[in-house]
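Report on the structure
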Amino acid sequence: MSSSTQERSSWSGKWAFILAGAASAVGLGNMWRFPYLAAKYGGGTFILTYLILVFTFGVTLLLLECALGRRTGLSAIGAFRHFGKKFAFIGVLASAVPFIIAPYYSIIGGWVTKYTFAYLTNGPAALADGGKFFTSFISSPVESFVWMAVFMIVVFIIVGLGVGGGIERANLVMMPALIVMAVALVVYIVSMPGAMSGVAYYLIPDMAKFSPELFVSALGQMFYSLSLAMGIMITYGSYLDKKSSLPHSVANIGMFDLGVSILAGLMIVPAAFVAMGSGEAVAAKSGPSLMFVTLPKVFQSMGPQVATVIGFLFFLLVAFAAITSAMSLIETMTSIIMDGKGYSRKKAFTITCIFTFVMGIFINLGFNGLSFFQPLGKGSTILDLFDFVSNSVLMPIVAVLTLVFVGWIVKPKTLIDEIEVSAPFKLQAAWSVMVKYIAPVLVIVIMVAYVGAQFGVFKF
Ligand code: PHE
């Protein structure tokens, strides 16, 4: 083994691991994507479907990845190679995902950081101008790069301080702060006149809205939100001691992530109801425009002082969620380079930072200098291309390969033995069936549905 084995990091205990897993999982996906999907697909119906998926399929995959990491003590490439050189390619594909996501996630992180400060400096009215502020900011030739760099520097400093001294400590501050801010915002928003009909719209299931489309969207959301199929949980599992119970840990991570998603919706959907009288306003907007254009308008309608406080707190909360997720990407990339090349942590970390920064500049140029390059059709950007390749192409492929690899090649028993090192695993039979049959089929369903939609066979 390389010298990096000796300096391999580890968590201080089970709760540090759970918190880190939750911190990776809770991110931009929870804050704007979940509320928008829930609003679109009949509120409670979507939440219920999502909940069932998280606690069946989601925790199955979380458990698999963590056990694989802990069993081999290596990040993704090494973990797969451990069982034979010819399997290393699965790890390579998984590892490509954080390298693709980290730069563009940091750009969006930069937007969030900018907005957090802009609530204090520019004031809420400036941000609620229907999109001009947003467009001119993201296409600015200097400012947008500066905020991307600010976001990256914060993340780099934390990860640079190491797993115990940086990541654990930052999570210990940011995650509770995030929960407190989210609960405070929910309490305020829900108590506004008229908000209760928004809460009802959001929580009460409307079974008529259940559709295959809802199911596929919930599945895709679950993947991204739990940070699956990108080597993160393999790396994090490799830092875990043999005493900590894996099933208990992953159940907690799933619960944490689901809880924050539900809170985010309780904030956004009722707020939009109060401002616009319907959930359709949320449902009609997806992606950046919901967070950076619609919500500032909703906040503005609460009056200037309230809007300043709510807007600032909201974006600070989103910034914390984004920082802790980005930390998990940078840590995973560092770990992959260390294990793969036998480099010291410092060298691997430096390469990771330089790579992320340079790629970030390139992707951000897609909003200004290189905006003529529209790889996915009119109006699309380089960021969209990166997002597409990682989330829609690589992640489902990695998931199927990982499931087939564990289910049929190394066999679930190998990982069950690892899980049982710390505690008896009562659900092992169900878990094996999930890994071998149900989960791969479900992922293939998402892929077929997606490709079908591209060719117009289904409509999404
Ligand atoms: N799970 C995170 C979210 O919900 C996204 C993420 C992506 C985290 C990639 C880490 C890595 O936003």
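Residues numbered from 1 in each chain as written. Predicted model: local features only at pLDDT ≥ 70, side-chain atom pairs only at ≥ 80, totals over all residues. Heavy atoms only, no water.

Structural notes on the layout of surface pockets
Under the convention used in this document: Definitions used throughout: a 1 Å grid over protein atoms alone; a cavity as a set of points that fits a 1.4 Å probe which cannot get out; a pocket as an open set with protein on both sides within 12 Å along at least five of seven lines; a lining residue as one with an atom within 4 Å of a point. Grid points are joined across faces, edges and corners, and a volume is the space filled by probe spheres set on the points. Numbering of helices and strands runs from the N terminus; a helix is a DSSP stretch of H or I covering at least four residues, while a strand is a stretch of E covering at least two. Residues are grouped as follows: nonpolar covers Ala, Val, Leu, Ile, Met, Phe, Trp, Tyr, Cys and Pro; charged covers Asp, Glu, Lys and Arg; every other residue, Gly included, is treated as polar.
Considering only enclosed or pocket space, the second largest pocket measures out at about 350 Å³ in volume. In this structure, the second largest pocket is lined by 15 residues; those nearest its centre are Val59, Leu63, Phe425, Leu427 and Trp431. Among the secondary structure elements, those contributing two or more residues to the lining of the second largest pocket are helix 3 (44-72), helix 13 (246-276) and helix 20 (428-454). Here the lining of the second largest pocket gets five residues from one element, more than from any other, and that element is helix 3. Residue composition of the lining of the second largest pocket, grouped by class: twelve nonpolar, two polar and one charged.

Let's talk about a nonpolar patch on the surface
How we decide: Each patch is built from residues lacking any salt bridge and having more than 30% relative accessible area; the joining distance is 9 Å for like charges and 5 Å for nonpolar side chains (Val, Leu, Ile, Met, Phe, Trp, Tyr). Using a 1.4 Å probe, the Shrake-Rupley method yields the accessible areas, and only the shown protein chains count as cover for residues. Throughout this description, the term salt bridge denotes a Lys or Arg side-chain nitrogen within 4 Å of a carboxyl oxygen of Asp or Glu.
A contiguous nonpolar patch, built from Leu48, Leu51, Ile52, Phe55, Met207 and Met255 and spanning about 550 Å² of accessible area, is present on the exposed surface. Element by element, the count of residues in the nonpolar patch is highest for helix 3, at four residues.

Description of helix 10 (residues 195-203)
Put simply, the test is: A simple rule labels every residue: compare its accessible area, found with a 1.4 Å probe on the protein chains alone, to the largest value its type can have, and call it buried under 20%, exposed over 50%, or partly exposed in between. What the arc covers is the set of directions going from the helix axis to the C-beta atoms. Contact between two residues is taken to exist if any of their heavy atoms lie within 4.5 Å; hydrogens are not considered.
Three or more residues of helix 10 are buried, namely Ala195, Gly198, Val199 and Tyr202. One side of helix 10 holds all its buried residues, which, seen down the axis, span an arc of 100°. Contacts made by the buried residues of helix 10 are with helix 2 (28-40), helix 3, helix 9 (163-190) and helix 13.

Comments concerning empty space enclosed by the protein
Counted according to the given criterion, the structure contains three cavities of 30 Å³ or more. Of the pockets and cavities examined, the largest cavity occupies roughly 120 Å³. Lining the largest cavity are 14 residues, and of these Ser24, Tyr105, Tyr224, Ser227 and Ser325 lie nearest its centre. Among the secondary structure elements, those contributing two or more residues to the lining of the largest cavity are helix 1 (14-25), helix 5 (88-121), helix 11 (212-225) and helix 16 (304-341). At three residues, the largest contribution of residues to the lining of the largest cavity is made by helix 16. Its residues assigned to classes, the lining of the largest cavity comprises seven nonpolar, seven polar and no charged.

With respect to the nonpolar core
What counts here: Definition of nonpolar core: a set of buried residues of the types Ala, Val, Leu, Ile, Met, Phe, Trp, Tyr and Cys, connected through side-chain atoms within 4.5 Å.
Counting 171 residues, the largest nonpolar core has Trp11, Phe57, Trp111, Phe223, Met267 and Phe314 as the members making the most contacts within it. For this core, the element with the highest residue contribution is helix 16, accounting for 19 residues. Apart from residues lying up to four places away in sequence, Met267 is in contact with Met31, Ala182, Leu185, Val186, Ile189, Phe314 and Leu317.

Things to note about the site of the ligand
Here is the rule we go by: By convention in these notes, a residue is near a molecule or strand provided one of its non-hydrogen atoms lies within 4 Å of it. N or O atoms closer than or at 3.5 Å make up a polar contact, with two conditions inside protein: a donor-capable atom paired with an acceptor-capable one, and, for residues adjacent in sequence, both atoms drawn from side chains. Each molecule is checked against the cavity or pocket grid, and it sits inside if more than half of its atoms lie within 2 Å of the grid points.
Of all residues adjacent to the ligand, which total 16 residues, the nearest are Ala25, Leu28, Gly29, Tyr224 and Ser225. Within the side chain of Tyr105, a nitrogen or oxygen atom sits 3.1 Å from an oxygen atom of the ligand. A distance of 3.2 Å is found between a nitrogen atom of the ligand and a side-chain nitrogen or oxygen belonging to Ser227. Taking a 2 Å distance to the grid points as the criterion, the majority of the atoms of the ligand fall inside the largest cavity.

Some thoughts on the packing of aromatic side chains
Note the following rule: Only the six-membered ring of Trp is used, alongside the rings of Phe and Tyr, when aromatic pairs are assigned; centres must lie within 6.5 Å, and planes under 30 degrees apart are stacked while those over 60 apart are edge-to-face, with the rest tilted. Here, a charge over a ring is recorded when the distance from Lys NZ or Arg CZ to the ring centre is within 6 Å and its angle to the ring normal is within 35 degrees.
Under the counting rule described, the total for this entry stands at 27 aromatic pairs. Relative to Tyr437, the ring of Trp408 has its centre 5.6 Å away and its plane inclined at 85°; by these criteria the two rings are edge-to-face. Linking Trp408 in helix 18 (residues 382-410) with Tyr437 in helix 20, this pair joins segments that are 29 residues apart in sequence. A residue is classified by how much of its surface remains accessible, and Trp408, at 41% relative accessible area, is partly exposed. Every member of this aromatic cluster is reached through a ring pair, and the members are Trp111, Tyr115, Tyr119, Phe133, Phe134, Phe292, Phe299, Phe314, Phe315 and Phe367. Against the face of Tyr343 rests Lys347, its NZ or CZ located 4.0 Å from the ring centre. Above the face of the Trp408 ring, Lys436 is positioned so that its terminal group lies 4.5 Å from the ring centre.

Coordinates in, geometry out; function isn't part of it.
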